[in-house]
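Chain residues, written in single-letter form:
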Amino acid sequence: MKAPVLRAIDPRSPDASLLDEAASRLRRGELVAFPTETVYGLGGLATDVRSLARIFAAKGRPVTHPLIAHVEGFDGLLRLARDVPASARAFADAFWPGGLTLVVPKASSVPPELTGGTDSVAVRVPSHPVALAFVRSVGAPVAAPSANRYQGISPTTAVHVVRSLGDRVDFVLDAGPTTSGIESTVLDLTREVPTILRPGAIAISELRRIDARVVALATVVDESEARVSPGMDAKHYAPDAHVVVVTSRLESLALARDESGRRKVALLLRGAPPVDGERDGLDGALVRALPDDPSDYARGLYAALHDFESAGVAVVVVEAVPSDEAWWAVRDRLTRASSSR
Ligand code: TXA
Ligand code: MG
């Protein structure tokens, strides 16, 4: 088995010949991981069923979980969709390129392998300069789930991609850490009312500026909703460790101390790093603090979980995040990580 080819690319001026190489590999049916502003994607040709089959196999993902097609602009959506709801244009104008995925009725030409057999297709225009230039070089829609094994932690660096997928990916464009660090918001426009299927990079308050009726599915999706929204099962984004979310900082410190006597522990705090007294009894533990701001917290979350995982911790104690709307996407990922075992 050969190792993936990893190539550094400068996001400020992406090398055209490198993009060409990546694009021609993709058109030949290879899988190319590339950075987006949210997380790294595992790219394949969205219109080619063999490429799609390779993506599902590389991720170990059930074929009923649909993929997102990445396109250059709104025209790309029009080519994949039919009966496009009028609101699609307004949302695209406001948030594309960017971290919003629109679910619209699919055109008959779109292979059901892309859409998990459903009659709708998910489309997004990424804003990362490398992602956008790459999609442009390919000249066709690029199917790209997050570039990690099924139910693993999404990658925010090229190293995360290689650690998760190894030689299941052929080529990796490495542009350094992603900027928003959490997946796109998935907005379903096939319903009566625009419905958020997955909270993410674009906040619900921002979407409501375009259409005040935007609603959300519950944060943790139960079995019946999982059928409506394929691929949104609760077992997602989970590290190879038991994750426990604890209400207060004081309680999270106490639990981490308690656990660290028994097994390898990581503690993820919010806000200030631990002060002297707080460190007592935590000598063997890995302690991290993420900023007390939802966007900044999101940017660092997956990298922290990846670090904990590669350090082989058995339990991750997480200080809970606030319950307001601005923290919804982060809270959703923490809940999924912790409800999985
Ligand atoms: O930020 C992102 O969205 C990243 C980057 C690479 O673009 N991609 C990503 O893809 O997170 P993935 O495959 O890990 O997640 C796709 C999400 C799933 O929750 C899936 O259920 C939803 O999009 N989705 C895709 N097509 C859908 C459809 N036709 N109907 C409903 N949900 C759909
Ligand atoms: Mg994913």
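As shown above, the structure is provided for reference.
1. Concerning the nonpolar core
- Ranked by size, the top nonpolar core spans 66 residues in total, and within it L102, F134 and L173 carry the most contacts.
- No other element matches helix α5 (residues 129-138), which puts seven residues into this core.
- Judged by nonpolar contacts, the second largest core, of 24 residues, contains I182, A304, V321 and A337.

2. Looking at the sheet that holds strand β5 (residues 100-105)
- Pairing is mixed across the open sheet formed by eleven strands, whose spatial order is β1-β8-β2-β3-β7-β4-β6-β5-β9-β10-β11. The open sheet is flanked by β1 (5-8) and β11 (215-216), the only strands paired with a single partner.
- Both strand β4 (residues 68-70) and strand β7 (residues 142-143) contribute to a ladder of two bridges, which runs antiparallel. Residue H70 lies in a different strand from β7, and its bridge partner there is V142.
- Where helix α1 (residues 16-27) meets the sheet, it contacts β1, β2 (32-34), β3 (41-45), β7 and β8 (171-174), and its direction lies at approximately 150 degrees from that of β8.

3. Describing the side chain of S164
- Mapped onto the elements, S164 comes out in helix α6 (residues 158-165).
- Here R149 takes part through its backbone nitrogen, which lies 2.8 Å from a polar atom of the side chain of S164.
- In contact with S164, not counting residues within four places along its chain, are A147, N148 and R149.

4. Here's the deal with helix α4 (residues 86-95)
- When α4 is considered as a whole, its buried residues turn out to be A88, F91, A92 and F95. Summarising the axial view, the buried residues of α4 lie within an arc of 100 degrees, below the 170-degree limit, and thus occupy one face. Facing away from the buried surface of α4 by more than 90 degrees, the exposed residues are A86 and D93.

What counts and how
Residues numbered from 1 in each chain as written. Chains lettered and ligands numbered in written order. Predicted model: local features only at pLDDT ≥ 70, side-chain atom pairs only at ≥ 80, totals over all residues. Heavy atoms only, no water. Core = buried A, V, L, I, M, F, W, Y, C linked by side-chain atoms within 4.5 Å. Buried < 20%, exposed > 50% of the residue type's maximum accessible area, 1.4 Å probe, protein only. Helix = DSSP H or I, 4+ residues; strand = E, 2+ residues; numbered from the N terminus. Pairing = 2+ DSSP bridges. Contact = heavy atoms within 4.5 Å. Axes fitted to C-alpha atoms, helices over the stretch in contact; angles between N-to-C directions. Polar contact = N/O pair within 3.5 Å; in protein donor to acceptor, adjacent residues only side chain to side chain. Arc of directions from axis to C-beta.

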